[in-house]
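One letter stands for each residue in the lines below.
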Amino acid sequence: MLKVDHLSIEIGGKQIVDKSSFFVPRGKITSIIGESGSGKSMTVSALLGILPPGAKATGKAVFNGKNLIAVSDKEMGEIRKAHLFTIFQDAANSFNSSVKMRHQLYEFSGRRTGDSSQQFQMKMKAILDELGLSAEIVEQYPFELSGGMLQRCMIACALYVEPDLLIADEPTSALDMVLQQEFIGLLKRLNEKQGTTILLITHDLDIVAEAAHEMIVMRQGEVVETGNVMTVFERPEHPYTRRLLESRF
Ligand SMILES: Nc1ncnc2c1ncn2[C@@H]1O[C@H](COP(=O)(O)OP(=O)(O)O)[C@@H](O)[C@H]1O
Ligand SMILES: [Mg+2]
């Protein structure tokens, strides 16, 4: 599905990510785990073509036969619209606070799939219902909703568009434990029911244990270990992974 090969990112002469290689298999949940500052978000930014000005990425990230690192902005826009969906840590920032949810949910879902606003309303209502969200939230503004509700709205859009690949960068870090559990449950459901491939970025090993099939361990810009979650938890090979697992209890 996605094969990253020797991806390096440099910002102002500083090596942020160093020859990182990993594979995200179709139909699975793959986690990138690493402490804060290890280069997880910059990796995601490189994949999406949204690196900060002055940053330079080299290497390859092949998705559906295209190298995401080398495509034009226009092509990236088309790939994102047709195949990718992203959820970031702070859902509030993903929404425009002065626009009613109806329009924004449509932009993130029905507009992408080419549905009329009538089709959108019916389909979205059913999804919101399933997620335990009142259909009335479409008449509200983002600031009237909690962080947990906004993240659930993002999942509603992902359920709607059924992307090939969902990239979620620390989606639960701003949520409390209960909402975090609930959100992880929704991600798993998306994966199980729709077969959505998920790349889940986190600094929390409990989330990896709870949700992921495959894992990628990053440390200071380098991928130090990759593998099946159960295998890595039972037999970590890299000393850093071992330390990380030991610090869990
Ligand atoms: N806009 C930026 N300009 C320069 N350096 C940055 C910028 N954003 C992040 N960095 C640096 O890149 C490194 C990796 O950051 P990031 O990918 O956000 O880490 P993570 O998501 O794993 O916490 C950090 O050392 C950080 O200081
Ligand atoms: Mg980050």
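Just above, that's the structure.
Residues numbered from 1 in each chain as written. Chains lettered and ligands numbered in written order. Predicted model: local features only at pLDDT ≥ 70, side-chain atom pairs only at ≥ 80, totals over all residues. Heavy atoms only, no water.

1. Examining the packing of aromatic side chains
Then, in step 1: Within this structure, the stated rule accounts for four aromatic pairs.
Then, in step 2: Ring centres of F95 and F108 lie 5.6 Å apart, and the angle between their planes is 80°; this geometry places the pair in the edge-to-face category. Separated by 13 residues along the polypeptide, F95 in the loop between α3 (91-94) and α4 (101-108) and F108 in helix α4 bring together distant segments of the chain.
Then, in step 3: Relative to F120, the ring of Y106 has its centre 5.1 Å away and its plane inclined at 70°; by these criteria the two rings are edge-to-face. Here F120 lies in helix α6 (residues 117-130) and Y106 lies in helix α4, a separation of 14 residues in the sequence. No difference in accessibility class separates Y106 from F120, as the two residues are buried.
Then, in step 4: Ring pairing ties together the aromatic residues Y106, F120 and Y160, which thus form one cluster. (Phe/Tyr/Trp six-rings, centres within 6.5 Å; stacked < 30°, edge-to-face > 60°. Helix = DSSP H or I, 4+ residues; strand = E, 2+ residues; numbered from the N terminus. Buried < 20%, exposed > 50% of the residue type's maximum accessible area, 1.4 Å probe, protein only.)

2. Points about the sheet that holds strand β4 (residues 55-63)
Then, in step 1: The four strands are arranged β2-β1-β4-β5 in an open sheet whose pairing can be described as antiparallel. In this open sheet, the two strands that pair with only one neighbour each are β2 (14-24) and β5 (66-67).
Then, in step 2: Of the pairings in the sheet, the one linking strand β1 (residues 2-11) to β2 comprises seven bridges and is antiparallel in character. Within the sheet, the bridge partner assigned to E10 lies in β2 and is Q15. (Pairing = 2+ DSSP bridges.)

3. Notes on the pairing of strand β7 (residues 165-169)
Then, in step 1: The buried fraction of β7 is high, at five of five residues.
Then, in step 2: By the alternation rule, side chains of β7 split into L165, I167 and D169 and L166 and A168, which are all buried.
Then, in step 3: As judged from the four bridges shared by strand β6 (residues 84-87) and β7, these two strands associate in the parallel manner. Of the residues in β7, the one forming a bridge with L84 is L165.
Then, in step 4: Across five bridges, the pairing between β7 and strand β8 (residues 197-202) is parallel. By the bridge assignment, I167 is partnered in β8 with L199.
Then, in step 5: Remark: the β7/helix α8 (residues 177-194)/β8 crossover connection has right-handed handedness. (Right-handed = clockwise from strand over helix to strand, strands pointing away.)

Function cannot be inferred from these measures alone, as they are strictly geometric.
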